[in-house]
Every structure is written in structure tokens, then in C-alpha cells.
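A structural walkthrough
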Amino acid sequence: MIKAVILIGGPMKGTRFRPLSLDLPKPLFPVAGFPMIYHHIAACSKVPNLQEILLIGFYRHLEPLKKFIAECQQEFKVQIRYLLEYTALGTAGGLFLFRDQILIDNPKAFFVMNADVCGDFPLLEMLNFHKQNPAGSYGTILGTEATRQQSLRFGCMVEGKATHEVLHYVEKPETFISNIINCGIYLFNPEIFQAIETAFKKNAKDSYKLDDPVQSREMIRLEQDIFVPLAGSGKLFICHTNKFWSQIKSAGAAIYANRHYLAIYNKTHPDRLAVNSEDSPKIIGDVYIHPTAQVDPTCVVGPNVTIGKNVKVKAGVRLRESIILEDAVLQDHSCILYSIVGWNSIVGAWSRVEGTPNDPNPNKPFAKLDIPALFTDDGRLNPSITVIGSKVHIPPEVIILNSIVLPDKDLNSSYKNQIIL
Ligand code: GDD
Ligand code: GTP
């Protein structure tokens, strides 16, 4: 029997995701029509003999999570529980705190997934790979390749070529170590808790040092506290994937993830994608339209657009590479490109909302999405996806370009490269 844990974090994180995470825990932000971690749960539900999925985090605003869990349990017929950490305990601290819950019913192994990644999760491949690991091993880490420069933003692993063993692990190194990066998806044997317990005890002792008062005694990081000491011991192994995988740290990354999940629907759920017909809008490429949304047949939509629940899209609207969230209204002939329009927002007639994509360099193999800093060195906003927070009102005939608009704003003119507070 197998279990899965999804590390959903808590409200302190996700600052790069503002203003979208102000209304909803970031792991529930919809990508391609479904909450971010819905895609994790869908992947887990395909693992044979998977008994339970545990969400571990420190969100205290329980209503949206409860509702999400109830819906998923019903759809996937699998038990899902949320285990609440009393504070941020780090990526391994929550696992350690809830070890008894994880180990109830003696799972042979359990997956651990970071919530803020997306991809074509190859869990079955990981299971098959994991079975080949030598007896006494602790776990398998999903690895992928990144460019030399981009690898510095991830956990980097040096691999024993013949054995696939992790020989050396450095979390976000300062100089180049390896272009094999940690995808934040793991499959552990229960024995991993021995290593976590060792780290817990070491931290407890170390934190009594007077010169290191900030380090929280309870915080245990899977990467620095567990993988670094285990590297080279023959206990951790790398399962490689070259399928689609990306982090979702920013709004721009959500647009990128949206595109890839829509592309995956072509294989897995073609019924979710809109098709052209006589009385439908003109659909270009992959488009998801929620069944309750009303889109005028004179609109042109796509590629890579998601239109949420109860959204109203009026005559002549053009939409491309964008996510329109629940209950938004796009008035006649508005144009939305590379943008996210928040819940209950209204875009006035003939207005244009446009952002700038930061797609990976298509000429570099293994390039991942770059997440540029919010501001340039001289203090200007870096052009990026335009994000309209919830309940924003954009008047007719204005242009909102490369901007971030915080919730509840009533705009009265055009804006370019600005954060509108
Ligand atoms: N429950 C809980 N408690 N979850 C947490 C905590 C915590 O205290 N801290 C972080 N998480 C969750 C986050 O919600 C996220 O899903 C995941 O753990 C990792 O978050 P970060 O700590 O922000 O790490 P990162 O994303 O910068 O890097 C990690 O993921 C990369 C792949 O995306 C590392 O594992 C890297 O090595 C890896 O390459
Ligand atoms: P590339 O194919 O990437 O070169 O883009 P493009 O030249 O098609 O133009 P762009 O990405 O700016 O716009 C995408 C689509 O939106 C195009 O089909 C345009 O016709 C349409 N579009 C652009 N601006 C407006 C506008 O202000 N109003 C409306 N209704 N549609 C527009």
C-alpha cells in the first residue's frame, strides 16, 4: 500500500504570487480550470493501491481547503486529509510531526510532492524505478535537467552514472555543481524517518548555541538537513524525467503551466477542450471554457486560454494566453493577452489588458522558465504578465500594459509598467 503527501506550505509564502494569493491559498489557484494541487491529486489517483493523500501545511483559513478536499474525495474516491502544522516547520518538519499519521496502516512507501510544481507527474515510472533500488535505501528523488545558469535556483545533484545514486547534493548552489535538478517530487520508504529523526535531534542540540539564535529548533529542511548528509551514502537515488515539469512561483509561471496542462488534456481529457462549431466562438489551439461560462460566438479565443466558472465574455472579445477567473466580466471588444483577470473583475468595452511573457528560451534544450525579479536594478517594474486582482474595475477604452493591479481597485485611466496599489 502506498500513500502520498503534498506539502502545501502556508500564508507566509507565495509573496511572488500576490495579488492572486490574497484571496485563495496559492495551492488552490486554478490552472487549466482546476486548482494547482488538483493536478497532483489526479496523478496520485492513478497509482495502484494508493490509500490516502495527506496535505500538510499551515494555512488556518480552512473553508476553501475543506471544500476542495470534499470535492476531490468524491471525484477520485480516495481519502484526503489536511494536517495542520502549528507553524512553518520546513519541508521535513511537517513530515516528522505527522509521522504516525503517515505510517498508519504500514505503507510500503509514500510520495512527497511540493505543491508549487506542475508537470506530467511520472509517478508510475518512479514506482517502477524505486522497486529496483537496493535493499536498505531510503528514497527516490525525481530529477530533471536545467541549463547551467538556471540550475543555481534549484537543488542540484551529482549522480553516480551507473547506479543513479545521489553522490552529492547542494541546495541552490552559488556556483555550478550539476545540471541535474531536484523536481520536488519524492518517493520515500518509511526508513527515511530515521534520517529525519537524526536531523531533528541534531537541530535541537545545535539550536542551543548562543550565536545562532534565529534558527528555529523545530524547522527541518528536507533538502539541507536530510539530502545533504545522505548524499554519497547509497541511500538516495535519482529517477530522471524529460517530460514537462515547471515550478509555479509567479503569475507568469501560472500562464506557462496553464499552457502545458491544456496541452496534456489533448491526450488525457480531450473532452475538456473547446472545439469550433457553428454557434461557438472561434477557438484557436487549446482552450478550456467552464460549462457555466458564457462566451459570445463573435469572440476569438486562444491559444492557451482558460475561462472560469460563470465568466461572461461579451461580443467581439479577443483572448489569448490568459486565465480568466470565476465571475469576471469582459465587456464588448475588450482584448486580453498574456494576462490573468481576477475573480469578479470587470474589463470595460474596447479596453486592452496586455502582459509580456517570459517563456523559456526555445533554442536552449532543458531551459526552464526564468522568474525575473519584480523590479529592475534602477527600480522599474520588469515587464511581465499583467495581473488584475479580484473585484477590479477597468473602465472602457484604456490600456493596461505589464502591470499588477491589487484587488478592489477602480481604475480611471491607462497604466503601463506599474503596480497599482
Ligand atoms: N507543510 C509545509 N511546511 N510545507 C512547506 C514548508 C513548511 O514549513 N516550507 C515549504 N513548504 C512547501 C511549499 O509550499 C512548496 O510546495 C515546497 O514545500 C517547497 O517550497 P520551498 O521551501 O519554497 O522550496 P523551493 O520551491 O524554493 O525549492 C524546492 O523545490 C525545488 C523544485 O521546485 C527544493 O526542494 C529544491 O531543491 C527543488 O529544486
Ligand atoms: P503574433 O502572432 O505573436 O505575432 O501576434 P499578433 O500579430 O497576432 O498580435 P498580438 O499578439 O498583439 O494579438 C493577438 C491577437 O489579438 C491578434 O489576432 C489580433 O488580431 C488580436 N488583437 C490585438 N489587439 C486587439 C485589440 O485591441 N482588440 C481586439 N479585439 N483584438 C485585438
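Quick notes on the rules
Residues numbered from 1 in each chain as written. Chains lettered and ligands numbered in written order. Predicted model: local features only at pLDDT ≥ 70, side-chain atom pairs only at ≥ 80, totals over all residues. Heavy atoms only, no water. Near = heavy atom within 4 Å. Polar contact = N/O pair within 3.5 Å; in protein donor to acceptor, adjacent residues only side chain to side chain. Areas by Shrake-Rupley, 256 points an atom, 1.4 Å probe, with all protein chains shown as cover. Helix = DSSP H or I, 4+ residues; strand = E, 2+ residues; numbered from the N terminus. Buried < 20%, exposed > 50% of the residue type's maximum accessible area, 1.4 Å probe, protein only. Contact = heavy atoms within 4.5 Å. Pairing = 2+ DSSP bridges. Nonpolar A, V, L, I, M, F, W, Y, C, P; charged D, E, K, R; others polar. UniProt positions renumbered as here; feature names shortened; annotations may be inferred. Core = buried A, V, L, I, M, F, W, Y, C linked by side-chain atoms within 4.5 Å. Salt bridge = Lys/Arg side-chain N within 4 Å of Asp/Glu carboxyl O. Axes fitted to C-alpha atoms, helices over the stretch in contact; angles between N-to-C directions. Parallel < 35°, antiparallel > 145°, perpendicular 65-115°, else oblique. Left-handed = near helix turned anticlockwise from the far one by under 90°. Phe/Tyr/Trp six-rings, centres within 6.5 Å; stacked < 30°, edge-to-face > 60°. Lys NZ or Arg CZ within 6 Å of the ring centre and 35° of its normal.

**A word on the site of ligand 1**
- Around ligand 1 there are 28 residues in total, and Glu85, Gly90, Asn182, Glu223 and Lys249 lie nearest to it.
- Between ligand 1 and glycine 9 there is a distance of 3.3 Å, counted from a nitrogen atom to a backbone nitrogen or oxygen.
- For ligand 1, the protein covers 91% of the area, taking 730 Å² as the surface of the free molecule.
- Contributions of two or more residues to the shell around ligand 1 are made by strand S1 (2-9), strand S4 (50-57), helix H3 (90-97), strand S10 (165-171), strand S11 (180-188) and strand S13 (245-247).

**What about the side chain of asparagine 189?**
- Counting through the fold element by element, asparagine 189 comes out in the loop between S11 and helix H7 (192-206).
- Relative accessible area serves as the criterion here: at 14%, asparagine 189 is assigned to the buried category.
- Once residues within four sequence positions are removed from consideration, asparagine 189 is found in contact with Lys108, Ala109, Phe110, His130, Ser137 and Tyr138.

**Examining the sheet that holds strand S29 (residues 399-401)**
- Ordered in space as S14-S17-S20-S23-S26-S29-S31, the seven strands form an open sheet in which the pairing is parallel. Edge positions in the open sheet fall to strand S14 (282-283) and strand S31 (415-416), since each of these has one partner strand only.
- Looking at chain direction, S14 and strand S17 (residues 300-301) are connected through two bridges and run parallel. Its bridge partner lying in S17, isoleucine 283 is registered against valine 301.

**What to know about the site of ligand 2**
- Neighbouring ligand 2 are the residues Gly316, Arg318, Arg320, Cys335, Leu337 and Arg352.
- Elements that contribute at least two residues to the shell around ligand 2 include exactly strand S20 (318-320) and strand S23 (335-337).
- In the shell around ligand 2, the residues fall into two nonpolar, one polar and three charged.

**Digging into the UniProt feature "domain: Mannose-1-phosphate guanyltransferase C-terminal" (unreviewed entry) in the chain**
- In the UniProt entry, the feature "domain: Mannose-1-phosphate guanyltransferase C-terminal" (unreviewed entry) is given for residues 283-420.
- Structurally, residues 283-420 comprises 0% helix and 33% strand, and the distance from its first C-alpha atom to its last is 32 Å.

**A closer look at the side chain of glutamate 159**
- Its place among the elements puts glutamate 159 in strand S9 (residues 155-160).
- Note on glutamate 159: relative accessible area 10%, which makes it buried.
- A distance of 2.9 Å separates the side chain of glutamate 159 from the side chain of histidine 240, its partner in a polar contact.
- If near-sequence neighbours (up to four positions away) are discounted, glutamate 159 is found in contact with His164, Glu165, Leu167, Ile180, Ile238 and His240.

**With respect to the nonpolar core**
- Of all hydrophobic cores here, the largest spans 77 residues; its most connected members are Phe29, Ile53, Leu55, Leu123 and Ile340.
- Of the residues forming this core, the biggest block, ten residues, is contributed by helix H9 (residues 251-268).
- For leucine 55, the contacting residues outside a window of four places in its chain are Ile6, Ile8, Ile37, Leu65, Ile69, Ile80, Arg81, Tyr82 and Leu83.

**Section: the pattern of salt bridges**
- Summed over all chains, the structure comprises 14 salt bridges.
- For glutamate 125, the salt bridge goes to lysine 243, with nearest N and O atoms at 3.0 Å. Of the two residues, glutamate 125 sits in helix H5 (residues 123-131) while lysine 243 sits in the loop between strand S12 (236-240) and S13, which places them 118 residues apart along the sequence.
- Judged by its relative accessible area of 38%, glutamate 125 is partly exposed.

**What to know about the packing of helix H1 (residues 36-45) against helix H2 (residues 63-76)**
- The N-to-C vectors of H1 and H2 enclose an angle of 30°; their axes lie 11 Å apart at closest approach. Considered as vectors, H1 and H2 are oriented roughly parallel to each other. In this structure, the crossing between H1 and H2 has a hand that is right-handed. Where H1 approaches H2, its residues Ile37, Tyr38, Ile41, Ala42 and Ser45 are matched on the opposing element by Phe68, Cys72, Glu75 and Phe76.
- When the residues that make up the contact of H1 with H2 are grouped by side-chain class, the tally is seven nonpolar, one polar and one charged.

**Some thoughts on the packing of aromatic side chains**
- A full pass over the atoms with the stated rule returns 14 aromatic pairs.
- The rings of Phe110, Tyr169, Tyr186, Phe188, Phe193 and Phe227 are connected pair by pair, giving a single aromatic cluster.
- The side chain of arginine 148 reaches across the aromatic face of phenylalanine 176, ending 3.9 Å from its centre.
- Over the face of the ring belonging to tyrosine 265 we find arginine 272, whose NZ or CZ atom lies 4.8 Å from the ring centre.

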